[in-house]
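Observations on the model geometry
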Amino acid sequence: MKEVLRAFLATLLAVFVYSLAGGAGPELIVVFNAFSVVVLYFSVRRGEVFGAFLGTVCGLVQDAFSLGVFGVGGLTKTLLGFWAGFISRRIDVAPLFRNGLFMLIMSVLEMVLWVLVTAVVRRESLNFHGGLILLQPLVTAVLTSSLFAVERRLRARGSRGD
Amino acid sequence: MPIWEKRRSALILAGLVAFHILLISIQIPRGAEKSLFEKSIFFLYSPVQRAVTGAVRGLGSLWTNYFDLRGVRGENQKLKKENFFLNQDVRFLEDQLQFFRSEAQVRERLAAFQGKIVPARVIGVDSANPFQTIVLDKGSLDGVGKDMAVCDRVGNLVGRTIEPVSLRETMVQLITDKDSSVSVVSAVGRLTGSLTGRSGAVCELRYVLASASGGQVGEELLTTGYDKIYPAGLRVGSIRSIEKDERSPIFRKITVDPYFRFNTIDIVAVIAKAGGDEE
């Protein structure tokens, strides 16, 4: 029950951040995907099943605020959550550089999948906003790795305090 | 050990993927109509978006109202509001004068039009592509429904309301969306066509025959009202370029710069019912 509550709060947080970003400027929505950050962060922490469910929720919420086909974001984020949780259980992604690289690969995979699914479903070329959208995986990876770095630092400080 | 225990993760993933594929599949024949499920999610989360935007704006206005010259600011806001309605009225008057000779008829039309404008704030933009949709803080309780024209504060066309329309929030399809279509006419050459977006900053004017006369770069485009969604005479944009369409030689390739800008659509006007419908 606690996990479900956390997942719900994480989705609300993503909506919160997405709303702030949308208010700041439309370009920010293109380069920054708050829902992907939440999915990646919780998938690595909680594993593939949790990641897949959270990916479903976050993806569908993202789809609800978009005119695109409902479910495309849900599908890509479900797979993102599952992959991230699954791989992070088998290899150590804790070191900063490895963590950043892992997040970047996952984000790129998500984008590739999203482009493919959208192209198949809508049968038309996508708008890449002059290449701006290609920055999204990089921004997602940097933000998620930063979250882990901050968390590690806080834990280290907490343990030194004990 | 049962297969469920051994392959739990894979089975859950397969179930979720199957769910999404089913979800996507059932929408394909539905076109633009939103599913009940999608509407439910929008209803559930749009108040959060509204609360966030409201809280941020509230904090911002608290700061400025307290420390700024409050009297001047209040007066300024009042004037802005009056200006907002006046701009809409001026646009409408200009448009209607083209159609009606009698002054009395114009007055009658204007009186009816004034009561139909619903001012709204933009509380969100499309999560996948900002040139597709925006979300407004007015819904069915405020008299907003599907297929109503939305203009910016100076009367330039922004888009139309689409489903989902919740009690206090509404989604708006921008004219820059690639699935959007607006019947327009050029102000001088009376060149008619269908304006569609490209999900980017520029739109295109489609179905203009290569043999059609009229239309120059920089010429203003106005709505015709033929589509029964947008009232006639709303300013849409100006012609950016006119070229020969290589792929379809019978048509001209015309690109259009829409007038509305994202930095000026913090407040918009929903035209609750088209003024020129009854013509």
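Residues numbered from 1 in each chain as written. Chains lettered and ligands numbered in written order. Predicted model: local features only at pLDDT ≥ 70, side-chain atom pairs only at ≥ 80, totals over all residues.

Section: the pairing of strand β11 (residues 252-258) of chain B
Residues and elements named next belong to chain B. Our working definition: Exposed residues have 12 or fewer other C-beta atoms within 10 Å of their own C-beta, buried residues have 20 or more, and partly exposed residues fall in between, where C-beta atoms are placed from the backbone. Under the scheme used here, helices are H or I runs from DSSP no shorter than 4 residues and strands are E runs no shorter than 2 residues, and both carry numbers assigned from the N terminus. Here the rule is simple: two strands pair whenever DSSP picks up at least two bridges between them.
Burial of β11 is one-sided: the residues R252, I254, V256 and P258 facing one way are buried, the residues K253, T255 and D257 facing the other way are not. Bridge count for strand β8 (residues 203-206) against β11 is three bridges, and the pairing is antiparallel. Opposite C203, over in β11, you have V256 as the bridge partner.

What to know about the confidence of the model for chain B
Atomic detail in the predicted coordinates should be set aside for any region of low pLDDT. All names here are of chain B. We count it as follows: Each residue carries a pLDDT value, the predictor's own confidence for that position, ranging from 0 to 100. Residue pairs are scored as contacts if the distance between their C-beta atoms, which are placed from the backbone, is within 7 Å.
Summarising the model, chain B shows a mean pLDDT of 79, and 83% of its residues fall at 70 or more. Element-level mean pLDDT values for chain B span from 56 in helix α5 (residues 103-114) up to 91 in strand β5 (residues 170-174). Note that residues 274-279 has pLDDT below 50 and, in this model, 11 contacts with residues that lie over four places away or in other chains. Across the assembled chains, the prediction reports ipTM 0.81 with pTM 0.64.

Quick notes on the sheet that holds strand β10 (residues 235-244) of chain B
Residues and elements named next belong to chain B. For clarity, the cut-off: Axis angles are defined between N-to-C directions and span 0 to 180 degrees, where every axis is a line fitted to C-alpha atoms and, for a helix, only to the segment in contact.
Read around the barrel, six strands follow the order β6-β7-β8-β11-β10-β9 and close on themselves; strand pairing throughout is antiparallel. When strand polarity is set aside, the average angle formed by the axes of neighbouring strands in this sheet is 45°. In terms of strand pairing, β10 meets β11 through seven bridges, oriented antiparallel. Bridge pairing in β11 places S241 opposite T255.

Some details on the nonpolar core
Test applied: The nonpolar core criterion groups buried Ala, Val, Leu, Ile, Met, Phe, Trp, Tyr and Cys residues into a set whenever they are joined through C-beta atoms within 7 Å.
Ranked by internal contacts, the top residues of the largest apolar core, which has 90 residues, are V38 and V61 of chain A together with C151, V158, L195, V236 and V268 of chain B. In terms of residue count, helix α3 (residues 34-46) of chain A provides more of this core than any other element does, nine residues in total. Among residues more than four places away in sequence, those in contact with L195 of chain B are I175, V182, V184, C203, L205, L221, V236 and V256 of chain B.

A look at the interface of chain B and chain A
Interfaces are frequently sized by the accessible area removed from exposure as the parts join. Put simply, the test is: In this classification, Asp, Glu, Lys and Arg are treated as charged, Ala, Val, Leu, Ile, Met, Phe, Trp, Tyr, Cys and Pro as nonpolar, and every other residue, Gly included, as polar.
Contacts between chain B and chain A engage 35 residues on the former and 35 residues on the latter. The class makeup of the residues in the side of chain B that touches chain A is 17 nonpolar, 14 polar and four charged.

Concerning the environment of L221 of chain B
Residues and elements named next belong to chain B. Here L221 shows up in strand β9 (residues 220-223). In this structure the C-alpha to C-alpha distance between L221 and G189, which are 32 residues apart in sequence, comes to 9.9 Å. Apart from the residues lying within four places of it in its own chain, the contact partners of L221 are V184, S186, L195, V236, G237, S238, I239 and V256.

What about the sheet that holds strand β12 (residues 267-271) of chain B?
Residues and elements named next belong to chain B. If you trace the six strands once around the closed barrel, you get β1-β2-β5-β4-β3-β12, paired in antiparallel fashion. Sheet twist, expressed as the average angle between the axes of neighbouring strands with direction ignored, equals 45°. Sheet analysis places strand β2 (residues 133-136) next to β5, joined by four bridges and oriented antiparallel. Across the sheet, the residue bridging to T133 is Q173, located in β5.

Some words on α3 of chain A
Spacing of three or four residues puts side chains on the same side of an α-helix, whose turn is 3.6 residues. Residues and elements named next belong to chain A. In plain terms, the rule: Expected helix span is given by 1.5 Å per residue-to-residue step, counting one fewer step than there are residues.
Look at α3: 18 Å from first C-alpha to last across 13 residues, which is about the 18 Å you get at 1.5 Å a residue. α3 sits mainly inside the fold: 11 of its 13 residues count as buried. Among the residues of α3, those classed as buried are A34, F35, S36, V37, V38, V39, L40, Y41, F42, S43 and V44. Just beyond α3, the residue with positive phi is G47, at close to 100°.

Side note on the packing of α3 of chain A against helix α4 (residues 48-64) of chain A
Residue and element names in this part refer to chain A. This is how it is decided: Angles below 35 degrees are treated as roughly parallel, those above 145 as roughly antiparallel, those between 65 and 115 as roughly perpendicular, and all remaining angles as oblique. By convention the crossing between two helices is left-handed if the near helix lies anticlockwise of the far one by an angle smaller than a right angle, and right-handed if it lies clockwise.
The N-to-C vectors of α3 and α4 enclose an angle of 170°; their axes lie 8 Å apart at closest approach. By the criterion of interaxial angle, the relationship of α3 to α4 is roughly antiparallel. Along this stretch, α3 crosses α4, giving a crossing that reads as right-handed. Contacts between α3 and α4 involve F35, V38, V39, F42, S43 and R46 on the former and, on the latter, E48, F50, G51, L54, G55, C58, G59, V61 and Q62.

Focus on unusual backbone geometry
All names here are of chain B. For the bond from E163 to P164, the omega torsion is 5°, close enough to zero to count as cis. With a phi angle near 60°, D147 is a residue other than glycine that sits in the positive phi range. Along the chain, D147 falls in the loop between β2 and β3 (149-151). Take D147: there are 15 C-beta atoms within 10 Å of it, and that puts it in the partly exposed class. Phi is positive for R190, which is not a glycine, with a value near 55°. One can find R190 in the loop between β6 (182-186) and β7 (192-197). Residue class for R190 comes out partly exposed when judged on the 13 C-beta atoms lying within 10 Å of it.

Some thoughts on the pairing of β6 of chain B
Residue and element names in this part refer to chain B. Burial runs high along β6: four of the five residues are buried. Pairing analysis gives four bridges linking β6 to β7, with the strands arranged antiparallel. The residue bridging V182 from the neighbouring strand is L195, located in β7. In textbook terms, the turn of a hairpin is the stretch between consecutive antiparallel strands, and for β6 and β7 this stretch comprises five residues, one of which, R190, has a positive phi near 55°.

Regarding the packing of helix α5 (residues 72-88) of chain A against helix α2 (residues 8-27) of chain B
Orientation of α5 of chain A relative to α2 of chain B, taken along the N-to-C sense of each, is 165°, at an axis distance of 9 Å. When the interaxial angle is binned, α5 of chain A and α2 of chain B end up roughly antiparallel. For the pair α5 of chain A and α2 of chain B, the sense of crossing is left-handed. The residues of α2 of chain B that touch α5 of chain A, namely those facing V72, G74, L75, T78 and F82 of chain A, are L13, L16, V17, H20 and I24 of chain B. Residue composition of the contact of α5 of chain A with α2 of chain B, grouped by class: seven nonpolar, three polar and no charged.

Here's the deal with the confidence of the model for chain A
Of the residues in chain A, 92% have a pLDDT of 70 or more, and the chain-wide mean is 84. Taken element by element, the predicted model of chain A shows its lowest mean pLDDT in helix α2 (residues 26-31) of chain A (76) and its highest in α5 of chain A (92).

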